[in-house]
Structures are given as structure tokens and as C-alpha cells.
Amino acid sequence: MSAARSLLSEEQFLCSICLDVFTDPVTIPCGHNFCKNCITQHWDISVQCQCPMCKKSFNTRPELHVNTFISEIAAQFRKSAQKKASSCPDQRCAKPGEVPCDVCTGTKLKALKSCLVCLASYCETHLEPHQIIKSMKTHTLINPVENLEGRMCKEHDGPLQLFCKTDQMCVCVHCTVLDHKFHDIVALKEGYEGKKAELGNTEAEIQQMIQERQLKIQEIKHSVELSKEDADREIADSVRVFTALMQSVERGQAELIDIIEEKQKTTEKKAEGFIKELEHEISELMKRTAEVEQLSRTEDHLHLLQSFPSLNTPPHTKDWTEVSVHRSSYEGTVRRAVAQLEETLSKEMEKLLEAELKRVQQYAVDVTLDPDTANPHLILSDDKKQVNHGDVKKNLPANPERFCHCANVLGKESFSSGKFYYEVQVKGKTGWDLGVARVSINRKGKITLSPKNGYWTIWLRKGNEYKAIAGPSVLLSLKTRPQKVGVFVDYEEGLVSFYDVDAAALIYSYTGCTFTEKLYPYFSPCNNDGGKNPAPLIISPINHTD
């Protein structure tokens, strides 16, 4: 037997279906041998009974019997293979995450290669047929991978060895002459290299996106820090202002109480003096009454006659007819104290507005006038920083952006987020409009200024009539006539504020606005008014207040 075994090789006892040493080998009528389970499953899914090796067909399904001779020899080879595997230090059991050998029974060894033809992974021992058998040497072996079925064409049951650039998918050889005929077909390696290059670009783009988002995080964090600084500053200012106000109120209240109490004390002291005098005179009069009463009871003629002259005259007393104690007057005392408090509050308001103006000036932007929006009667300076009304209408293209009826012009710069501020000199003018407008405003025909129509503005008319055109208009009472007006917008906060720059005073604020479109600075120098309003509106450089 040993001599016979030396003439046999292991590949002679491998099932051509499972490529492993026979288990329960059977011989079919054509003489080829297979594992009983392998050939049974093969015929179960086949249309007709056919030998997998020689393709001989059988009219009826052959009855299968185990070939005991081959079975015994196969068992010997299986034991030999297991002994060899256990003695080989390079082979080890597959660990979690590693690809196991598909042929090993019992303990699964780690696979060294996967075959794209057999769609199986093999350890070193079970890989030997691919290295020995001539027909199997042509199989494509790759590093072990799982899900080998995914590497096969589901339609043609062939390995996916090519790449269709037209449809961007992996295909088999049969696909290239059928569904993908005339398509741009390349080898997997070429497709791999191309996609790898694309992945490199994608990775670079992703890294760029990561960097941009990291920068955005830093920007957001910095904004939060700045916001916290602003909040801390506002809290500190509010604490300072309200502490000063409360101290002023307490001090004013204490001084008022002192004045009232001092008046009351003076009144009480004066009354006490009068009462003391009156009590003294009453005492003297009661004493004289007792003397007169005693003298009237005497029967001594001489004594009565001698004493009568001195007792008949009343003692010296003050004429109290015009004497009185008047109630203290407090009219105007509280009012004067409150007026003083108002003066203190007004000074604090001036300080706050000055600080507020300094802060909004930090958001100054460079604004220029857009000639494509200017009404044909308007005259713009070469630097696009000044505008006034002319008597002659220029022949200009009637583009959609241009104001055709009203003497208006927009700034060239638009804003759709954040904060911005600019200043306009209005000195010498009897009429003007200033503010911001959204991009979708009506620019043709008669225009009604209002937030509803997309305008947030204030104006001057007749030289002294200031209004916020809030729909309805709000008449503004200003202490001084502005020579330079500052316009501040906080897009997210929905705030538009106007300042008298020289007086560091707030003129008017639109609050609670909702902005969803681009905003443009808005200007109108108004009509020349027969030479009464010739001065231009001038966009001024920002001189930060001291």
C-alpha cells in the first residue's frame, strides 16, 4: 500500500467542484469522481444531469454510491494534509477580521490567497492545487478578500476584469461584446489608476473642505469671543451707568429729604418760640388776675384806692393779631430734584451715545455711487462720492436698475450679512433722503418710501422738517441740525440706525426689521428747488470720534 501511495499525488483525490480532498466520493457513469454532496448540489441547480468535467449528459439522474476504495485513500490524504498544516509554523488560525480558508473543515486557517475563478479563499495547504495543477495555474489569484461573489458578473458569471469608462462600472469579458459594445473599455488596472488619481483629488478637496471648516470653527469661536467681549463691556457699562444713576437718585432723595426736614425744623423752632412767649404772657396775666381778684375782696378803703392804679392797667404784652406760623411750602422741591436727575441722566445718555457711535464706526465701509442706477437729472462726481440735482435731463440708457422718475441713486456695494456703516455730509441742503434699500425695490414711476416697499430711510424737507419714513412717517425733534449723518445697519439684528455725527446723537432707529435680500445704500439729494438746494450729498471718509 505504501508503495502504491508513493505513486499517487494528492491532486488525484481532489474534487473538481470543491477543490478539496474527496468527502464521501462517488463515481458517476462516465467514470469521473466527485464528493457526493458536491455533485448532488450541482445537479439540484442544473437543468439537466451532466458531468461537470466531460459534459456527458444522462437521461435519468444516476444513483450514487460511495466509492469505498477512493474514500479510504482520500481519508489518508486528508489526515496527511491536516498533519502537514499543524506542523507548518507559517499557517495559523484565522483571527477576527482576517479572511478564513473556505476549504478547511473544523478549525479555519488564515487564507493566503483568493481565486477570482474559483471564488474561494485558500490557506497554504489548500492553495497547492493552484500551484501544481496545470489548468488551475492560469487562475487569477489575489490577496485574500471576502465577498468574492461581488467580484463576479451577475449576468454572465465571469470575473469582473475590465472597467467601462462610459458607464463607470466594472464588467466581464462577455459584457464588452454585449451590453457594453463600442464603450470605452480599459483594464481594471488602468481604471484603478484613474480612479486612484481621482481619489487623490477628492482627498485633496476633502482636506481643503476640512481646513475651510476648521477655519470657520475658528472664525465662529473668535466671533463668540468678540461677542462675549462686547457683552462684558455692555454689562460693565450698564453696571456703571445704573450704579451712577442709583447713586444719583439716592443722593437726590437724601438731599430732598434734608431740605424738607430742615424747613420743618425751622417751622417748629419758630412755633416753639411763639408758644414760649405766649405761655410767659399767660403766666403774667394769670398772676395779675389773682392780684385783682384779691384786691376786689378787700374792705380796706385806703388800700384799694392806693393799689388800684397799678393793678387796673394790664401787664405789657405783645400784639398777637398778626402773628402766625405758616405751613412750609414744598411746591417744586421734588420737581427740581427730578429735573436735576434728568440732567444727570442726559449726561450719561450723551456718554453712551458717544461710545455707541465709536463702536459702529468700526464697521465703516467704502461706499461709492452706482451711475447705472442714477436718475438722469442727477450729477455724479468723477470719484462717485458726490451727487446733486441738475436742471438738465441727460440722455441715458433706460436700464432696469435706473430710477426714471425720482431723483434717487443707489450705492454700488451691496450687503447681505453682518454690519456696515457709512457717513454722508448733508451740510447746506434744504432737502435730502438717506438710508438703505433692498435689491428688489421698484425703480420706475412714482415711489413711496416705506419699509413695506423695501426702503428704510429718513429725510429732510423745507430746511427744518425731519422725518423717519416708517409708514406712517415719524416727525423727528432734533436739538441740532445735522451736518453729517451716519447710517449703520446690523443685517442679522434687523437694525437700521441714523446718527448726527458731530453731536454724537441718535436721530432714529428702525428695529425688528427682517432682511432677506441684498441691501444697498440709498441716496437722494432731492430737487434743486430753483437753486435753493444746490449742495451735493457727499459720502465722507470716517473720522472716528475722540
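These remarks concern the structure in this document.

Reading the values: the criteria
Residues numbered from 1 in each chain as written. Predicted model: local features only at pLDDT ≥ 70, side-chain atom pairs only at ≥ 80, totals over all residues. Heavy atoms only, no water. Patch = residues over 30% accessible without salt bridge, like charges linked within 9 Å, V, L, I, M, F, W, Y side chains within 5 Å. Areas by Shrake-Rupley, 256 points an atom, 1.4 Å probe, with all protein chains shown as cover. Salt bridge = Lys/Arg side-chain N within 4 Å of Asp/Glu carboxyl O. Helix = DSSP H or I, 4+ residues; strand = E, 2+ residues; numbered from the N terminus. Buried < 20%, exposed > 50% of the residue type's maximum accessible area, 1.4 Å probe, protein only. Axes fitted to C-alpha atoms, helices over the stretch in contact; angles between N-to-C directions. Parallel < 35°, antiparallel > 145°, perpendicular 65-115°, else oblique. Left-handed = near helix turned anticlockwise from the far one by under 90°. Contact = heavy atoms within 4.5 Å. Lys, Arg positive; Asp, Glu negative; His and termini not counted. Charge placed at Lys NZ, Arg CZ, Asp CG, Glu CD.

So, about a nonpolar patch on the surface. The grouping of Ile206, Met209 and Ile210 at the surface amounts to a nonpolar patch, some 240 Å² of accessible area in total. Of note, isoleucine 210 is situated in helix H6 (residues 188–296). Owing to a relative accessible area of 35%, isoleucine 210 belongs among the partly exposed residues under this scheme.

All right, on to the packing of H6 against helix H8 (residues 333–361) then. The contact between H6 and H8 brings their axes to 10 Å, and the two run at 165 degrees. Classed by the angle they form, the pair H6 and H8 counts as roughly antiparallel. The hand of the H6/H8 crossing is right-handed. On H8, the residues that touch Arg233, Glu234, Asp237, Arg240, Val241, Ala244, Leu245, Ser248, Val249, Leu256, Ile259 and Lys263 of H6 are Thr333, Val334, Ala337, Leu341, Thr344, Leu345, Glu348, Leu352 and Arg359.

A few words on the pattern of salt bridges. By the definition in use, this model includes 16 salt bridges. In this structure, arginine 240 engages glutamate 348 in a salt bridge whose closest nitrogen and oxygen atoms are separated by 3.5 Å. Of this pair, arginine 240 sits in helix H6 while glutamate 348 sits in helix H8, and the two are 108 residues apart along the sequence. One network of salt bridges, with partners in common, ties together Arg240, Glu348 and Lys351.

It is worth spelling out a negative patch on the surface at this point. On the surface, Glu255, Asp258, Glu261 and Glu262 cluster together into a patch of negative charge. You can see glutamate 261 is positioned in helix H6. A relative accessible area of 44% places glutamate 261 in the partly exposed class.

None of the figures reported here should be taken as evidence of function without further support.
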